[in-house]
Amino acid sequence: DREEDPEYPRSRGLRDPQEWMKHFAAFPAAAAGAGLKLGQRVSHAKFGEGVVLNLEGDGAQTRVQVNFSDAGSKWLMLSVANLQAV
């Protein structure tokens, strides 16, 4: 069974639950400055409405991953994306 195979890739390459905790523990710190939360609905002038999937980096280098309804998943530089909460 694939689930029992230790080499079976997990989502985002994080196999160990401790790795997941480290990954998501860092999210609130980056998101606090941007005013974003996982699962938050946002709007972009070109791509339309979407949902925040991930956020990484600090300051001007912060990137946000949004799954847009029509345009699919995109990574955007938060400093220039001009996302609006819906």
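Residues numbered from 1 in each chain as written. Predicted model: local features only at pLDDT ≥ 70, side-chain atom pairs only at ≥ 80, totals over all residues. Heavy atoms only, no water.

(A) Representation of the nonpolar core. Grouped together as the largest cluster of nonpolar side chains are 10 residues: Leu36, Val42, Val52, Leu55, Val64, Val66, Phe68, Leu76, Ala81 and Leu83. For this core, the elements supplying multiple residues, two or more each, are β2 (48-56) and β3 (63-68). The dominant element in this core, judged by the number of residues it contributes, is β3, at 3 residues. The residues contacting Val64, other than those within four sequence positions of it, are Leu36, Val52, Asn54, Leu55, Lys74, Trp75, Leu76, Leu78 and Leu83. (Core = buried A, V, L, I, M, F, W, Y, C linked by side-chain atoms within 4.5 Å. Buried < 20%, exposed > 50% of the residue type's maximum accessible area, 1.4 Å probe, protein only. Helix = DSSP H or I, 4+ residues; strand = E, 2+ residues; numbered from the N terminus. Contact = heavy atoms within 4.5 Å.)

(B) Local environment of unusual backbone geometry. Of note, Asn82 is a non-glycine position whose phi angle comes to about 50°, a positive value. Position of Asn82 relative to the elements: it lies in the loop between α2 (78-81) and β5 (84-85). Of the residues examined, Asn82 reaches a relative accessible area of 55% and is grouped as exposed.

(C) Spatial organisation of the environment of Arg41. Within the secondary structure, Arg41 sits in strand β1 (residues 41-44). Overall, the relative accessible area of 37% leaves Arg41 in the partly exposed class. In contact with Arg41, other than residues within four places in its own chain, are Glu49, Gly50, Val51, Ser69, Gln84, Ala85 and Val86. A distance of 3.1 Å separates a polar atom in the side chain of Arg41 from a polar atom in the side chain of Glu49. (Polar contact = N/O pair within 3.5 Å; in protein donor to acceptor, adjacent residues only side chain to side chain.)

(D) View of the packing of aromatic side chains. Enumeration over the complete set of coordinates arrives at 1 aromatic pair. Ring geometry for Phe47 and Phe68: centres 5.3 Å apart, planes at 40°, overall tilted. Taken as a pair, Phe47 in the loop between β1 and β2 and Phe68 in strand β3 lie far apart in primary sequence, 21 residues in all. Stacked on the ring of Trp75, the Lys or Arg Arg63 has its end atom at 4.2 Å from the ring centre. (Phe/Tyr/Trp six-rings, centres within 6.5 Å; stacked < 30°, edge-to-face > 60°. Lys NZ or Arg CZ within 6 Å of the ring centre and 35° of its normal.)

(E) View of the sheet that holds strand β4 (residues 72-77). Strand order in the open sheet formed by 5 strands is β4-β3-β2-β1-β5, and the pairing between neighbours is antiparallel. Looking along the sheet, the strands with just one partner apiece sit at the ends: β4 and β5. Of the strand pairs in this sheet, β1 and β2 are connected by 4 bridges, and their pairing is antiparallel. The partner of His44 across the bridge, within β2, is Gly48. (Pairing = 2+ DSSP bridges.)

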